[in-house]
Amino acid sequence: MKKSLRTPLAALAAAAVMTLLAASGLLNKADWAASDAWYQSRSAPEEDIVLVGIDQRAVDEIGPYQEWGRDIITMAIEALNESEDCRPAAIAVDVLYAGETDPETDQWLAEAAGSYDNVVTACAAQIADTFQESGEGLFRRERFTILGLEEPYAALRQATTQGHINAMLDTDGILRHHLLYLDLPDGRRLPSMALAAAEKYWEFHGLEPVAPPPTDGHGFWYLPFAGEPGDFDAGISVADLVAGEVPADYFAGKVVFIGPYTVGLQDNYVTSADHARPMYGVEYQANAVQALLLGEHKGEVGDAPQLAVLFAVLLVSFILFWQRGVALSTALWAAVCGGWLALSRLLYGQGLVLHVIWIPLGVTILYVACIALNYIRSALEKRRVTATFKRYVAPEIVNEILKEGSDALELGGKLTNIAVLFVDVRGFTTMSERLQPKQVVEILNRYLTLIADCILKNGGTLDKFVGDAAMAFWGAPLPQEDYVMQAVKAAADMVSGSRALSEELMERFGQTVSFGIGIHMGDAVVGNIGSPQRMDYTAIGDTVNTSARLEANAPGGTIYISRAVAEQLEGRIRVTSLGDSVKLKGKAEGFEVLIMEEIL
């Protein structure tokens, strides 16, 4: 696969995997929890919403709740409606009175509740997923099927407005949606108790009803809780109403909820407002009414467009993170995650609910993965570069190459101005004919080690050994400030070092050898030449050929250089010109050859 395609294809794969993960629903619980923490915030409870609790104090004063008759709630309703001038806009009784008990108290409750048409009584539906036959023995799953409905007994149903009190938890056991209505099998649409109470409020005050919130196919909408558990609690017990201890005008024009407000009655839920403390059912209803009255509507954006945005953001993020440094990647990660959180909060204020965690989590996973992969890739590149160049160039040059990256390891080259040195061991062939193979190898290795040391010490790139000859160049793979002088210094060091080695050979074998060296400078193509399976980092071109011709004609112990080298180092070396007396193969007449005598 072409390298140019690897990054976009990897980005597509990574973005697709993360998008499928989000679409699978595996992130739902984490996303819901994050959304609760990010979106839900407290605000001042509306003064026009009042809770009257069937609380522990009422149970202590009146008696166990299971022994209460319907007369208690009847007296509470009568106390609220005591004065026609200051009656509540709505009295929502969050208690289910299905079936008749005592005819006298049942009739009393129905008459009290129907006196001013401001009472909302509770209904509860039995809802479940069912399987419906679709023909030929096949079944399909029908979600949210209404199996039955518990309603108030007939007299109370006729005297009041009904509203359902179904509280549907999400699959993580948290209550964060409100079921605005139920479409019953008989064609009726039953509002929630909160909606029915809100409609009573608008009617009582002569207000234009607020447009309903956006709902899904089953009537659910995302509820922005105004308060946490206890925020709507004014400390009013149903016992206070029965005893006449709260002035009737306190409730004038308000929405009043009467319902269980003690743990023993088991009417509480963990909500998105607070995962630690449960909220009583009447508090949940109060939050829903406040949102309806104020038009605090929140609509959840569909998954399809959010998945499309997620895929696009992840795709771009992967490309941004790939092969970037840690500092830049971290800045990009913070910008993307922080930007998404800020955008989601801004859009929430405009009534749109986005998945909070999808993009930050996906981007974070890609960020960590890219950092890890970049580290591994960098380590592998370092090993590759080191393995490629450590035999040819000085360690400090290898370190510089590592900083630049591994582009130099790709096949191909570039035109570079370099200085090229060729060196050959004069007299070695004659000596090898008189010595044992083991001695020949020992002597050759000593000379080649000297050559390599001189090249690397002076910052050169050791291109290759060819028998008893070697090639090196300066000015690549990295630019060097004084590369021509470094080449000349390496040659001088070779000549100087060979003298001591020659003296040792004379003592041991009675014969010595010396170096013939040629140096030229100019443009050459430098790079990796060969095949992907076997390549050499080398230089090719006329500059290389000319340097080889100079070395081929240089006597032992002599350094031949070109006029280009002499001019480059004018005033820094002493030379002797041989004019065009030395004829170089492949060179036209007039090519000047000079002997480098010494470095000044």
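Described in the following lines is the structure provided in the data block. (Residues numbered from 1 in each chain as written. Predicted model: local features only at pLDDT ≥ 70, side-chain atom pairs only at ≥ 80, totals over all residues. Heavy atoms only, no water.)

Within the protein chain, the secondary structure is distributed over 18 helices and 22 strands. Taken over C-alpha atoms, the radius of gyration comes to 46 Å for the protein chain, far larger than the 25 Å a tight globule of 600 residues would show. Expressed along its principal axes, the backbone C-alpha trace of the protein chain runs to roughly 140 × 60 × 45 Å. Going through the 600 residues of the protein chain one by one, you find that 47% of them count as buried. Contacts in the protein chain between residues at least 24 apart in sequence constitute 75% of all its contacts with a sequence separation of at least 6. Accessible surface for the protein chain amounts to roughly 28,700 Å². Of this, 54% is attributable to carbon and sulfur atoms. (Helix = DSSP H or I, 4+ residues; strand = E, 2+ residues; numbered from the N terminus. Rg over C-alpha atoms; globule rule 2.2 N^0.38 Å. Buried < 20%, exposed > 50% of the residue type's maximum accessible area, 1.4 Å probe, protein only. Contact = heavy atoms within 4.5 Å. Areas by Shrake-Rupley, 256 points an atom, 1.4 Å probe, with all protein chains shown as cover.)

Of note, Tyr65 is situated in the loop between α3 (56–62) and α4 (71–80). Setting aside anything within four residues of it in sequence, one finds Tyr65 in contact with Ile54, Val59, Val95 and Leu265.

With that settled, consider the state of the cysteines. Applying the stated criterion to the full structure yields zero disulfides. With no disulfide of its own, Cys370 lies closest to Cys337 among cysteine sulfurs, the gap being 13 Å. (Disulfide = S-S within 2.5 Å.)

Bringing the packing of aromatic side chains into the picture now. Enumeration over the complete set of coordinates arrives at 12 aromatic pairs. Ring geometry for Phe321 versus Tyr367: centroids 5.7 Å apart, planes at 70°, classification edge-to-face. Taken together, the residues span a long stretch of sequence, with Phe321 in helix α10 (residues 303–321) and Tyr367 in helix α12 (residues 358–389) at a distance of 46 residues. Pair check on accessibility: Phe321 and Tyr367 agree, each one buried. Put simply, the rings of Tyr39, Tyr222 and Tyr348 pair up and form one aromatic cluster. The ring centre of Tyr181 lies 3.7 Å from the NZ or CZ of Arg189, which sits over that ring. The ring of Tyr348 carries the charged tip of Lys298 above its face, separated from the ring centre by 4.3 Å. (Phe/Tyr/Trp six-rings, centres within 6.5 Å; stacked < 30°, edge-to-face > 60°. Lys NZ or Arg CZ within 6 Å of the ring centre and 35° of its normal.)

With their axes 9 Å apart at the nearest point, α4 and helix α5 (residues 103–114) run at an angle of 20° to one another. When the axes of α4 and α5 are compared, the pair comes out roughly parallel. Crossing of α4 over α5 shows left-handed handedness. Seen from α4, the contacting residues are Asp71, Thr74, Met75, Ile77 and Glu78; seen from α5, they are Thr105, Trp108, Leu109, Ala112 and Ala113. (Axes fitted to C-alpha atoms, helices over the stretch in contact; angles between N-to-C directions. Parallel < 35°, antiparallel > 145°, perpendicular 65-115°, else oblique. Left-handed = near helix turned anticlockwise from the far one by under 90°.)

A separate point is the nonpolar core. Membership of the largest hydrophobic core comes to 46 residues, with the highest contact counts inside it found for Trp474, Met494, Phe515, Ile517, Ile519 and Ile561. Among the elements that take part in this core, helix α16 (residues 483–509) stands out by supplying 12 residues, more than any other. Contact partners of Met494, with chain neighbours within four places excluded, come to Leu421, Val423, Leu450, Ile451, Cys454, Ile455, Phe515 and Ile517. Grouped together as the second largest cluster of nonpolar side chains are 39 residues, Ile49, Leu51, Val120 and Ala122 included. (Core = buried A, V, L, I, M, F, W, Y, C linked by side-chain atoms within 4.5 Å.)

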